Amino acid sequence: MTATTPISATLIDGKAFAADLRARIATQVRSMKDNGITPGLAVVLVGEDPASQVYVKSKGRMTREVGMNSYEHRLPAETSQDDLLALIGRLNDDPDVNGILVQLPLPPHMDEAAVINAIDPAKDVDGFHILNVGRLATGQKAMVPCTPLGCLMLLRDRLGSLSGKNALVIGRSNIVGKPMAQLLLRDSATVTVAHSRTANLPDLCRQADIVVAAVGRANFVQGDWIKPGATVIDVGINRGDDGLVGDVDFDAAARVAGAITPVPGGVGPMTIACLLANTLTATARANGLPDPQGLTP
Ligand code: NDP
């Protein structure tokens with residue numbers, strides 16, 4: 001493959017998919033409201049991390065756009081862990097709040113696991129609570145982390161069944177890599193999880209029908225690592241001089257892959273849409289209603 005080889009991969013348009021998902025969520029929110037139920041999502045931000053502030057702002061806007069109530073709690077960076085836990089306790093007890101998201105990362109003086117595990121698992125729309133992690137791993141009904149859930153939706157939409165496909169997940173973080181591997185396994189893919197100590201990563205990649213890259217290194221996955229026709233999901237968000245780039249060398253990979261997500265406009269928009277889907281699901285469960293159709297696996 002050279003730079004003159006035409007791009008052959010289908011572009012997986014996460015932006016359009018997410019817009020459609022949000023429209024379907026808005027329809028279901030309207031019918032809930034007709035029955036006197038308005039889903040509510042509380043987002044807690046501690047400190048002034050600029051990227052987190054942008055995320056929290058767009059989460060609030062999109063929550064309101066689908067007709068849900070949005071509750072934002074902005075706390076100073078020096079907030080004590082006890083005060084944060086007290087706020088989480090109040091949100092757990094508040095019947096108007098169906099979903100709680102504590103924006104990560106937290107300031108260094110806080111114990112992230114203790115904070116996440118203080119959230120009522122039924123309201124844990126990020127799916128990071130130890131109980132939801134365990135439920136996902138054991139095939140029980142769980143709140144599923146938003147970014148991997150979005151990736152799964154895009155993969156199913158593109159490929160239909162994932163059964164028997166060779167899937168390589170690059171990255172083993174608790175928020176992307178590990179839950180992604182669990183979801184692929186649940187869909188009967190044959191899953192390999194790679195990380196910084198993995199040997200022969202390019203060779204592993206060349207055997208993969210599905211590649212999910214969640215590394216956090218710009219253009220890390222090379223075009224000649226991609227199996228012809230493979231489906232490539234690029235989770236990476238790397239800010240450089242040229243704006244946002246993914247973890248995959250898009251120009252080279254798109255000449256070999258069968259389908260690929262762009263950055264931006266691929267996985268990113270799916271994450272917030274899945275957060276709203278999880279909030280709708282949490283609201284339905286809290287009110288004894290069946291899970292909304294077509295939103296969660
Ligand atoms: P982490 O830093 O937590 O994890 C990165 C993973 O990549 C680790 O498991 C690490 O391995 C692995 N890794 C690092 N270097 C290599 C290497 N040379 N070869 C193979 N594996 C390597 O990142 P996150 O999972 O939180 O995020 C990953 C990317 O996804 C980031 O760019 C982030 O911004 C983006 N992201 C995007 C979201 C979205 O909505 N689109 C949401 C969340 C994240 P090891 O464990 O051995 O250190």
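Note that the structure is a prediction, hence the values are computed from the model and not measured.

1. Observations concerning the sheet that holds strand S3 (residues 69-75)
The strands making up a sheet are joined through hydrogen bonds of the backbone, oriented either antiparallel or parallel. Spatially, the three strands line up as an open sheet ordered S3-S2-S4, and their pairing is parallel. Edge positions in the open sheet fall to S3 and strand S4 (99-102), since each of these has one partner strand only. Put simply, the sheet's adjacent strands are angled 15° from each other on average, direction ignored. Sheet analysis places strand S2 (residues 40-46) next to S3, joined by seven bridges and oriented parallel.

2. Overview of the UniProt feature "binding site: NADP(+)" (unreviewed entry) in the chain
Following the UniProt record, the feature "binding site: NADP(+)" (unreviewed entry) maps to Gly171, Arg172, Ser173 and Ile237 here. Along the chain, serine 173 turns up in the loop between strand S5 (166-170) and helix H7 (177-186). The contact partners of serine 173, leaving out residues within four places of it in the chain, are Lys178 and Pro179. Within the secondary structure, isoleucine 237 sits in the loop between strand S8 (231-234) and strand S9 (238-240). Taking relative accessible area as the criterion, isoleucine 237 reaches 42% and is therefore assigned partly exposed. When neighbours within four sequence positions are excluded, isoleucine 237 is seen to be in contact with Tyr55, Leu244 and Val245.

3. Thoughts on the site of the ligand
In the vicinity of the ligand, 22 residues are found, and the nearest of them are Arg172, Ser173, His195, Ser196 and Thr271. The side chain of serine 173 places a nitrogen or oxygen atom 2.6 Å from an oxygen atom of the ligand. Note that an oxygen atom of the ligand is positioned 2.7 Å from one of the side-chain N or O atoms of threonine 271. Protein contacts shield 71% of the accessible area of the ligand, which totals 930 Å² for the unbound molecule. Ranked by the residues each element gives to the shell around the ligand, the list is headed by helix H10 (residues 267-286), at three residues. A breakdown of the residues in the shell around the ligand according to their chemical character gives 10 nonpolar, 10 polar and two charged.

4. Looking at the pattern of salt bridges
Here the structure, examined in full by the defined rule, presents eight salt bridges. Between lysine 141 and aspartate 291 there is a salt bridge whose closest N-O contact spans 3.8 Å. Taken together, the positions of lysine 141 in the loop between helix H5 (130-137) and helix H6 (146-159) and aspartate 291 in the segment after H10 put the pair 150 residues apart, joining distant regions of the chain. Given the relative accessible area of 58%, lysine 141 is considered exposed. On the basis of relative accessibility, which here comes to 19%, the residue aspartate 291 falls in the buried class. Aspartate 203 serves as the salt-bridge partner of arginine 206, at 2.8 Å between the closest nitrogen and oxygen. Of this pair, arginine 206 and aspartate 203 both sit in helix H8 (residues 201-206), three residues apart, which is roughly one turn of that helix.

What counts as what
- Residues numbered from 1 in each chain as written.
- Predicted model: local features only at pLDDT ≥ 70, side-chain atom pairs only at ≥ 80, totals over all residues.
- Heavy atoms only, no water.
- Pairing = 2+ DSSP bridges.
- Helix = DSSP H or I, 4+ residues; strand = E, 2+ residues; numbered from the N terminus.
- Axes fitted to C-alpha atoms, helices over the stretch in contact; angles between N-to-C directions.
- UniProt positions renumbered as here; feature names shortened; annotations may be inferred.
- Contact = heavy atoms within 4.5 Å.
- Buried < 20%, exposed > 50% of the residue type's maximum accessible area, 1.4 Å probe, protein only.
- Near = heavy atom within 4 Å.
- Polar contact = N/O pair within 3.5 Å; in protein donor to acceptor, adjacent residues only side chain to side chain.
- Areas by Shrake-Rupley, 256 points an atom, 1.4 Å probe, with all protein chains shown as cover.
- Nonpolar A, V, L, I, M, F, W, Y, C, P; charged D, E, K, R; others polar.
- Salt bridge = Lys/Arg side-chain N within 4 Å of Asp/Glu carboxyl O.

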